[in-house]
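Report on the structure
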Amino acid sequence: MAAQLNLILFGPPGAGKGTQAERLCDDFQLPFISTGDMLRGHVKDETDLGQKAKEYMDAGDLVPDELILAMVRERLLEDDARDGFILDGFPRNADQATALDEQLSDLGRRVTAALLIDVPDEEVIRRLSGRRVCTEAGHNYHIEFDPPKHDDVCDQDGSELIQRDDDKPEVIEHRLGVYHEKTQPLVEYYDEQGLMRRIDGTRAAADVHGHIRAVIATLRLEEDV
Ligand code: AP5
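So, here is what we can say about the structure in this document.

**Topic: the nonpolar core**
Residues F10, L39, L100 and Y190 are the most contacted members of the largest nonpolar core, which totals 29 residues. For this core, the secondary-structure elements that each account for two or more residues are β1 (5–10), α3 (48–59), α4 (65–76), β3 (84–88), α5 (94–106), β4 (113–118) and α8 (185–192). When sequence neighbours within four positions are dropped, the list of residues in contact with F10 reads K17, A114, L115, L116, I117, Y179, T183, L186, V187, Y190 and M196. One finds A15, A113, I172 and I216 within the second-largest nonpolar core, a separate group that totals 24 residues.

**A word on the site of the ligand**
With respect to spatial proximity, 34 residues lie near the ligand, and among them T19, D61, R131, Y141 and R175 are the closest. In this structure, D61 approaches the ligand through a main-chain N or O atom, which is 2.6 Å from an oxygen atom. Here a nitrogen atom of the ligand and a backbone polar atom of V63 are 3.0 Å apart. Burial of the ligand by the surrounding chains reaches 95%, relative to a free accessible area of 1,100 Å². Of all the elements in the fold, those that place two or more residues in the shell around the ligand are α1 (17–27), α2 (35–44), α6 (121–130) and β6 (140–142). Of the residues forming the shell around the ligand, the biggest block, four residues, is contributed by α2.

**A look at the sheet that holds strand β7 (residues 161–162)**
Sheet architecture is open: three strands sit in the order β6-β5-β7, paired in antiparallel fashion. Both edges of this open sheet fall to β6 and β7, since each of them pairs with a single strand only. Pairing between strand β5 (residues 131–134) and β7: two bridges, direction antiparallel. Residue pairing for β7: V133 is matched across the bridge by I162.

**Remarks on unusual backbone geometry**
The peptide bond linking F90 to P91 adopts the cis configuration, its omega dihedral lying at 0 degrees. Its place among the elements puts P91 in the loop between β3 and α5. Positive phi values are uncommon outside glycine, yet E46 reaches one of about 55 degrees. By the element assignment, E46 lies in the loop between α2 and α3.

**What to know about the pattern of salt bridges**
This structure, assessed with the given rule, holds 15 salt bridges. We note a salt bridge from R198 to D191, for which the minimum N-O separation is 3.3 Å. A relative accessible area of 45% places R198 in the partly exposed class. Overall, D191 belongs to the partly exposed group, its relative accessible area being 35%. Taking the shortest distance from any N to any O, the salt bridge between R197 and E222 comes out at 3.9 Å. Placement of the pair is R197 in strand β8 (residues 196–200) and E222 in helix α9 (residues 205–223), with a sequence separation of 25 residues. Overall, the relative accessible area of 53% leaves E222 in the exposed class.

Definitions and cut-offs
- Residues numbered from 1 in each chain as written.
- Predicted model: local features only at pLDDT ≥ 70, side-chain atom pairs only at ≥ 80, totals over all residues.
- Heavy atoms only, no water.
- Core = buried A, V, L, I, M, F, W, Y, C linked by side-chain atoms within 4.5 Å.
- Buried < 20%, exposed > 50% of the residue type's maximum accessible area, 1.4 Å probe, protein only.
- Helix = DSSP H or I, 4+ residues; strand = E, 2+ residues; numbered from the N terminus.
- Contact = heavy atoms within 4.5 Å.
- Near = heavy atom within 4 Å.
- Polar contact = N/O pair within 3.5 Å; in protein donor to acceptor, adjacent residues only side chain to side chain.
- Areas by Shrake-Rupley, 256 points an atom, 1.4 Å probe, with all protein chains shown as cover.
- Pairing = 2+ DSSP bridges.
- Salt bridge = Lys/Arg side-chain N within 4 Å of Asp/Glu carboxyl O.

Right, here's the structure in full:
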């Protein structure tokens, strides 16, 4: 079987995962799979899953594993993920990491690397409180660091820009707590397997992008893809 790039992108809320996703999609022939985006799609379409997930998301809590695992399992079996993927927002706790390993192992695959976009809490708060997203396609802006050309209008598709429900100050703080308790232990999990690659997320978005591209290019050479 040809070598694959099965990549995980993770980091605290607001680290810039979605911002980098938009850039990386153009660079690599790999599907970008964001569980947050998938869940927001379900909420928007008012599916059964969306109705169950919404209250957890609005509160900044993790959506229960049984809902997430079924959704991701199905997505990874789609054709475009056959030769690799970039996962964003999954796995988010130890049980999800184990489930991913098991699914990949059943398919004769494995995680190639986990890329951590590292940003301190005070920067997370600054970024999330100023974030605005477009209602059409979720394009990201920041009122200070990356403002749109016209207030509250998306440069790319002209739709309205809004603040996400989970970007309220008290919810941001809760999301950070959940990240430190549930998700951060995965750094050690992937470190122990020699799979962790750290990216300094405090730099400008273009520099972070350059660093991630370089890491993925090196992995490609190592994996001979
Ligand atoms: P999810 O959508 O995954 O949210 P998150 O991890 O909290 O990440 P964000 O989307 O908030 O931030 P980001 O890192 O993408 O930052 P962005 O690029 O926007 O999850 C949402 C919810 O869904 C969860 O709380 C949970 O309920 C549920 N969920 C999802 N997956 C789950 C799972 N596996 N299990 C259970 N529940 C799950 O950037 C932020 C801002 O900073 C933007 O305004 C941007 O313009 C700006 N910015 C970005 N980079 C830079 C930079 N380098 N310099 C300056 N500003 C920057």
